[in-house]
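Coordinate inspection notes
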Amino acid sequence: MRLPLLALLAKEPAHGYELKHALEKTFGSAYPSPNIGQIYVTLGRLEKDGYVRAVDVEQSNRPNKKVYYLTAVGREALENWVDEPTEGPRVRDEFFMKLVLAPLTGIADRMALVNRQRRHYLSLMRDLNELAEQTDPGNRVALLLIEGAMLHLQADLDWLERCQEELP
Amino acid sequence: MTGTPAIKAINLVKIYQSGGVPVPAVRGIDMRVESGEFVAIMGPSGSGKSTLVHMLGGLDVRTSGEIWLDGTRADTLSESGWALLRRRKVGFVFQFFNLVANMTVADNVELPALLGGATPRQARERREYLLGELGLTERASAAPAQLSGGEQQRVALARALANQPRLLLADEPTGNLDSRNTKDVLRLLSDVHRKGQTIVLVTHDARVASMADRVVSLLDGEIVDDGALPRARRRPAGTVGDVVELRG
């Protein structure tokens with residue numbers, strides 16, 4: 001959460017709710033909506049580390065609001081983030097662990113594990129299909145995020161099939 | 001469930017001969033598909049998926065077992081008997097498209113409707129609807145050879161649906177499509193399914209399979225799983241975070 005917030009603040013100073021809305025609007029409903037508490041906690045830490053600073057802005061009939069802006073140190077951290085290659089996807093290995101280890105204990109049958117997992121992946125895919133249908137066709141970022149999730153899920157299914165073929 | 005099933009297969013077996021060695025491709029499959037049901041068949045390559053749908057469409061002869069389509073015993077039919085049954089009741093989308101090369105796209109799609117007894121006007125309207133749904137309206141007067149692989153595949157689907165068959169059989173109907181064209185195919189399949197079309201298709205594509213009412217998984221010529229997908233729990237927005245996690 002830290003670096004996306006820095007990136008949004010590099011565009012313009014903002015308060016917490018504006019940052020929450022910007023994330024939701026950009027990434028759409030496939031992206032788990034950050035809760036406002038998390039955002040304020042993160043902003044607090046960024047402030048402590050000197051990446052952002054806050055100013056109080058008076059509002060006529062409401063309490064003051066805190067508007068955050070990026071410091072030079074914050075900008076440098078952001079630039080480092082942008083310049084580094086990003087870690088590749090990690091194989092989600094919890095199911096694989098289960099598949100390999102559970103049958104050794106005699107408490108599960110591999111075929112049943114694979115079948116149940118396949119149905120689960122396909123129902124997730126169905127959710128993604130529905131999500132894609134409900135997403136504003138103009139929101140390319142949100143649609144690409146959903147497509148990325150679908151491609152990952154397809155890879156998981158292909159892997160599952162390989163496991164079913166190879167493991168007795 | 002009562003009523004005549006669209007498909008009933010009983011202990012269906014297919015054994016190929018390969019240089020004197022019998023190679024079993026399908027080893028005793030029992031399967032029932034209700035009218036209006038959408039069934040996806042999945043499984044690794046070589047698991048017998050294609051052989052199974054080819055047998056169900058009469059395009060491959062079964063070694064033993066029974067096939068009933070819409071209450072009629074089909075496995076004992078002659079080749080011409082099958083051809084007649086297909087013309088009346090079955091649309092088939094092949095992995096290789098089998099379009100008639102010297103006919104336009106429009107004629108390829110209208111032909112089965114005309115053969116099935118539709119009037120020229122009905123055939124034209126159906127063709128216009130199908131090509132429109134698949135984003136091919138502008139290609140209507142092209143010849144198959146002028147189309148990309150993905151376009152030919154969509155024409156093959158339109159053709160299979162032209163005479164509103166009781167049963168649509170398809171072997172990897174999105175195998176040659178990019179993500180955008182797949183979306184058109186998905187939309188059309190879900191549309192015709194909603195209107196009552198029975199669909200049995202073989203697919204690797206999880207997007208296609210996830211639209212089915214039921215998924216049948218094959219391994220080594222046998223069914224290893226057969227069941228409805230857990231109905232999509234209407235998750236609160238955002239919990240697709242099971243799949244999507246953006247780090248930062």
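Criteria and cut-off values
Residues numbered from 1 in each chain as written. Chains lettered and ligands numbered in written order. Predicted model: local features only at pLDDT ≥ 70, side-chain atom pairs only at ≥ 80, totals over all residues. Heavy atoms only, no water. Helix = DSSP H or I, 4+ residues; strand = E, 2+ residues; numbered from the N terminus. Rg over C-alpha atoms; globule rule 2.2 N^0.38 Å. Buried < 20%, exposed > 50% of the residue type's maximum accessible area, 1.4 Å probe, protein only. Pairing = 2+ DSSP bridges. Patch = residues over 30% accessible without salt bridge, like charges linked within 9 Å, V, L, I, M, F, W, Y side chains within 5 Å. Areas by Shrake-Rupley, 256 points an atom, 1.4 Å probe, with all protein chains shown as cover. Salt bridge = Lys/Arg side-chain N within 4 Å of Asp/Glu carboxyl O. Lys, Arg positive; Asp, Glu negative; His and termini not counted. Charge placed at Lys NZ, Arg CZ, Asp CG, Glu CD. Expected span 1.5 Å × (residues − 1). Arc of directions from axis to C-beta. Polar contact = N/O pair within 3.5 Å; in protein donor to acceptor, adjacent residues only side chain to side chain. Contact = heavy atoms within 4.5 Å. Domains from an automatic or database assignment. Buried area = accessible area lost by both parts, 1.4 Å probe. Axes fitted to C-alpha atoms, helices over the stretch in contact; angles between N-to-C directions.

**Focus: the overall build of chain B**
Along chain B, the regular secondary structure elements total seven helices and ten strands. Against the 2.2 N^0.38 benchmark of 18 Å for 248 residues, chain B shows a C-alpha radius of gyration of 19 Å, consistent with a compact globule. On the principal axes, the C-alpha backbone points of chain B span a range of 60 × 50 × 45 Å. Taking all 248 residues of chain B together, the buried fraction comes to 53%.

**Describing the sheet that holds strand 1 (residues 7-18) of chain B**
Residue and element names in this part refer to chain B. Judged by pairing direction, the sheet is antiparallel, and its four strands sit side by side in the order 2-1-4-5 without closing on themselves. Of all strands in the sheet, those bounded by a partner on one side alone are strand 2 (21-33) and strand 5 (72-73). Examined bridge by bridge, strand 1 and strand 4 (residues 64-69) share five bridges and lie antiparallel to one another. Residue pairing across strands places Ile7 opposite Leu69, the latter belonging to strand 4.

**Observations regarding a negative patch on the surface**
A contiguous patch of negative charge, built from Glu76(A), Glu79(A), Asp83(A) and Glu84(A), is present on the exposed surface. If you trace the backbone, Glu76(A) turns up in helix 4 (residues 72-83).

**Some remarks on helix 4 (residues 120-133) of chain B**
Given 3.6 residues per turn, any residue in an α-helix points the same way as the ones three and four places further on. Residues and elements named next belong to chain B. A rise of 1.5 Å per residue sets the reference length of helix 4, with its 14 residues, at 20 Å; its end C-alpha atoms lie 20 Å apart and thus fit the reference within 8%. Along helix 4, the residues that are buried comprise Ala123, Arg126, Arg127, Leu130 and Leu131. Buried residues along helix 4 cover an arc of 125 degrees about the axis, so they all sit on one side. A positive phi of about 65 degrees marks Gly135, the residue just after helix 4.

**Here's the deal with the side chain of Asn139(A)**
Residue and element names in this part refer to chain A. With respect to the element layout, Asn139 can be found in the loop between helix 6 (110-134) and helix 7 (140-166). A distance of 3.2 Å separates the side chain of Asn139 from the backbone oxygen of Lys25, its partner in a polar contact. Among the polar contacts listed, one links the side chain of Asn139 to the backbone nitrogen of Ala142, at a separation of 3.1 Å. Asn139 has contacts with Lys25, Thr26 and Gly28, leaving out every residue within four places of it along the chain.

**Description of the domain arrangement of chain A**
Residues and elements named next belong to chain A. Examined at the domain level, chain A breaks down into domain 1 (2-83) and domain 2 (94-166). Distance between the C-alpha centres of domain 1 and domain 2: 33 Å. Counting residues at the interface gives seven residues for domain 1 and seven residues for domain 2. A buried area of about 480 Å², summed over both sides, lies between domain 1 and domain 2, and 68% of it is on carbon and sulfur atoms. At the boundary of domain 1 with domain 2, the tally comes to zero salt bridges. There are one residue pair in polar contact (both at pLDDT 80 or more) connecting domain 1 and domain 2.

**Quick look at unusual backbone geometry**
Glycine aside, a negative phi is what most residues show, and trans is what most peptide bonds show. Residues and elements named next belong to chain B. Backbone geometry places Asn11, a non-glycine residue, at a positive phi of 45 degrees. If you trace the backbone, Asn11 turns up in strand 1. In this structure, Gln164 takes a positive phi of about 45 degrees despite not being glycine. Along the chain, the position of Gln164 falls in the loop between helix 5 (149-161) and strand 7 (167-171). A relative accessible area of 57% places Gln164 in the exposed class.

**Regarding a nonpolar patch on the surface**
Among the surface-exposed residues, Val91(A), Phe96(A) and Trp159(A) lie close enough to one another that they form a single nonpolar patch of about 270 Å² accessible area. The topology assignment puts Trp159(A) in helix 7.

**Re the sheet that holds strand 8 (residues 198-202) of chain B**
All names here are of chain B. Here six strands make up an open sheet; going across it, the order is 6-7-8-3-9-10 and the pairing mixed. Looking at the sheet topology across the chains shown, the edges are occupied by strand 6 (90-93) and strand 10 (222-228). Each adjacent strand pair in this sheet contributes to an overall mean axis angle of 15 degrees, direction not counted. Summarising the sheet, strand 7 and strand 8 pair through five bridges and their orientation is parallel. What sits directly across from Leu169, in strand 8, is Val200. Sitting on the sheet, helix 1 (residues 49-56) is in contact with strand 3 (38-42), strand 6, strand 7, strand 8 and strand 9 (214-219), with an inclination near 150 degrees to strand 7. Contacting strand 6 and strand 7, helix 5 runs over the sheet at an angle of about 175 degrees to strand 6.

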